[in-house]
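For reference, the chains in residue letters:
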Amino acid sequence: MRLTELARGARAIVDHVADTHDADAVAGRLRDLGFVDGEPVRIVAVAPWGADPILVQIGSTRFALRRAEADRVRVRAGSAQ
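Positions within a chain are numbered from 1, following the residues in the order the chain's sequence is written. Local features in a predicted model are, by the rule used here, given only for residues with pLDDT of at least 70; side-chain atom pairs are given and counted only at 80 or more, and totals for whole chains, interfaces and linings are based on all residues. Remark: hydrogens and water are excluded; side-chain values derive from all non-hydrogen atoms of the structure.

### Some details on unusual backbone geometry
One non-glycine residue, Ala 23, lies in positive phi territory at about 55°. Within the secondary structure, Ala 23 sits in the loop between β1 (11-17) and α1 (25-33). Helical segments are the DSSP runs of H or I of at least four residues, strand segments are the runs of E of at least two, and each set is numbered from the N terminus.

### Some thoughts on the sheet that holds strand β5 (residues 73-77)
Paired through their backbone hydrogen bonds, the strands of a sheet run either parallel or antiparallel. If you trace the 5 strands from one edge of the open sheet to the other, you get β4-β3-β2-β1-β5, paired in antiparallel fashion. At either end of the open sheet lies a strand with only one pairing partner, and these are β4 (61-65) and β5. The average angle at which neighbouring strand axes cross in this sheet is 40°, direction not considered. Pairing between strands requires that DSSP locate at least two bridges from one strand to the other. When β1 meets β5, the two strands line up antiparallel, connected through 5 bridges. Note on β5: the bridge partner recorded for His 16 is Arg 74. Relative to β1, α1 is tilted by about 130°, and along the sheet it contacts β1, β4 and β5. In this description, a line fitted to the C-alpha atoms serves as the axis of each element, helices being fitted only across the stretch in contact, and the angle between N-to-C directions of two axes falls anywhere from 0 to 180 degrees. We call two residues in contact whenever any of their non-hydrogen atoms come within 4.5 Å of each other.

### Here's the deal with the pattern of salt bridges
For salt bridges, the criterion is a side-chain nitrogen of Lys or Arg within 4 Å of an Asp or Glu carboxyl oxygen. Under the definition given, this model contains 5 salt bridges. A salt bridge links Arg 72 to Asp 24, with the shortest nitrogen-to-oxygen separation between them at 2.6 Å. Placement of Arg 72 in the loop between α2 (67-70) and β5 and of Asp 24 in the loop between β1 and α1 is noted, with a sequence separation of 48 residues between them. Taken as a pair, Arg 72 and Asp 24 share a single burial class, namely buried. One connected set of salt bridges, linked through shared partners, spans Asp 15, Asp 37 and Arg 76. Think of it in three bands: with a 1.4 Å probe and only protein chains considered, a residue is buried below 20% of the maximum accessible area for its type, exposed above 50%, and partly exposed in between.

### Side note on the packing of aromatic side chains
A pair of aromatic rings is counted whenever rings of Phe, Tyr or Trp (Trp by its six-membered ring) have centres within 6.5 Å, and the orientation is called stacked for planes under 30 degrees apart, edge-to-face for over 60 and tilted otherwise. Applying the stated criterion across every chain, the model contains 1 aromatic pair. Measuring from ring centre to ring centre gives 5.8 Å for Phe 35 and Phe 63, while their planes differ by 55°; the resulting arrangement is tilted. Here Phe 63 lies in strand β4 and Phe 35 lies in the loop between α1 and β2 (40-46), a separation of 28 residues in the sequence. Judged by relative accessible area, which is 1%, Phe 35 ranks as buried. Residue classification places Phe 63 among the buried residues on the basis of a relative accessible area of 18%.

So this is what it looks like as structure tokens:
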């Protein structure tokens, strides 16, 4: 499942970040920020009218991600937070 498919308040576990092409800098940066296998993630808020950006919490840090960025993050059911 993609991170963008989660509802506001939903919790999940990061499975992986999908690269859209070779040397995908955005996917690499997401991994650097902590979007790695096993990390708990939660959707804090979603912007109205198009839902862009999405406020995501991973660990104790919150990030505002564009839908195009959040679409790269694959998650699985679960909540360790």
